[in-house]
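Structural description and commentary
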Amino acid sequence: EAQQEIHFFFPRQNTLALIKPNSAQEHKAEILEEIKSKGFAIKNQQEKYLSEEVAEEFYKEHKDKPFFSQLVQFICSGPCLQLVLSKENAVEDWRMMMGPTDPNRAKEVSPDSLRARFGSDILHNAVHGSSSVEQSDREIRLLFGDLSAAVTSTEGEEDGFVFV
Ligand code: UDP
């Protein structure tokens, strides 16, 4: 009898994570431990203030939203821990760890998520994660500049497959 074999390929990806300023910074050691325990490699990391210019470019897709100036002001209000995370399916898996944008919703649907635990409101929501591989490439280049040469996306590597 023929046995069916299904292969799932999870491409190895990079994603850009931020531990946003102020209250989330107090929990960064715990957050870093959790990131590592979930199998992410931290390929690059730096802690610094974003300039207003970089923050506006980073969040340019929101430039016409009513919350844009508050968002830029908040993200520049203290040092940001910037991380290049790498693993199979990193973009989606990091966003799962973060939880929904609004911490109040996160508390309902995903109480173990970082935003549920460490966010205080929809603006001050503790963490950022790229929304796609294309966005992660753009964000990594913007924040890490020349350093990003070492961390270009490795999507397409088929090093993660599972037999069912
Ligand atoms: N944000 C906000 N008010 C809103 C929606 C978003 O202040 O109504 C902020 C919040 O900090 C969020 C960021 O803008 O993380 C970017 O919004 P986006 O919709 O891209 O959410 P994310 O991808 O971060 O979950």
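In this report, the structure presented in the accompanying data block is examined. (Residues numbered from 1 in each chain as written. Predicted model: local features only at pLDDT ≥ 70, side-chain atom pairs only at ≥ 80, totals over all residues.)

Along its length, the protein chain carries 7 helices and 6 strands. When the helices and strands of the protein chain are read in sequence order from the N terminus, they spell out β-β-α-β-α-α-β-α-α-α-β-α-β. (Helix = DSSP H or I, 4+ residues; strand = E, 2+ residues; numbered from the N terminus.)

What follows is about the sheet that holds strand β3 (residues 41-48). If you walk across this open sheet you meet the 4 strands as β3-β4-β2-β5, and the pairing is antiparallel. Across the chains shown, the open sheet's two edge strands, defined by having one partner strand only, are β3 and β5 (127-129). Pairwise comparison of adjacent strand axes, ignoring direction, gives a mean angle of 20 degrees for this sheet. As paired strands, strand β2 (residues 12-19) and strand β4 (residues 80-88) are joined by 8 bridges and run antiparallel to one another. Of the residues in β4, the one forming a bridge with Ala17 is Leu83. (Pairing = 2+ DSSP bridges. Axes fitted to C-alpha atoms, helices over the stretch in contact; angles between N-to-C directions.)

Core analysis: the biggest nonpolar cluster contains 27 residues, and Ala17, Ile19, Leu85, Trp94, Leu114 and Val127 have the highest contact counts within it. Secondary structure elements with two or more residues in this core: β2, α1 (28-37), α3 (68-75), β4, α4 (90-98), α6 (114-118) and α7 (133-144). Looking at which element gives the most residues to this core, the answer is α4, with 5 residues. Those residues in contact with Leu114 that lie beyond four places of it in its chain are Ile31, Met97, Met98, Gly99, Ala126 and Val127. (Core = buried A, V, L, I, M, F, W, Y, C linked by C-beta atoms within 7 Å. Buried ≥ 20, exposed ≤ 12 C-beta atoms within 10 Å, placed from the backbone. Contact = placed C-beta atoms within 7 Å.)

Taking 1.5 Å per residue as the helical rise, α7 with its 12 residues ought to reach 16 Å, and the 16 Å between its terminal C-alpha atoms agrees with that figure. Within the sequence span of α7, burial applies to Ser136, Asp137, Glu139, Ile140 and Leu143. Tucked into the core, α7 has its buried residues touching β2, α2 (52-58), β4 and α4. In the segment just after α7, Gly145 is the residue with positive phi, at about 50 degrees. (Expected span 1.5 Å × (residues − 1).)

Here the focus is the environment of Gln73. Among the secondary structure elements, Gln73 is positioned in helix α3. Sequence separation between Gln73 and Leu18 is 55 residues, and the spatial gap between their C-alpha atoms is 15 Å.

This part is about α4. Those residues of α4 that sit buried are Ala90, Val91, Trp94, Met97 and Met98. Axial view of α4: buried residues confined to an arc of 130 degrees, hence all on one face. Looking at the buried side of α4, the elements it contacts are β2, β4, α6, β5 and α7. Looking one or two places after α4, you find Gly99, whose phi comes out positive at around 85 degrees. (Arc of directions from axis to C-beta.)

It is worth spelling out unusual backbone geometry at this point. With a phi close to 70 degrees, Asn22 is a non-glycine residue in the positive phi region. Mapped onto the fold, Asn22 is located in the loop between β2 and α1.

Here the focus is the pairing of β2. Counting buried residues along β2, 7 of its 8 residues qualify, which places the element largely inside the surrounding structure. Bridge count between β2 and β5: 3 bridges; the pairing is antiparallel. Bridge pairing links Ala17 to Gly129 in β5.

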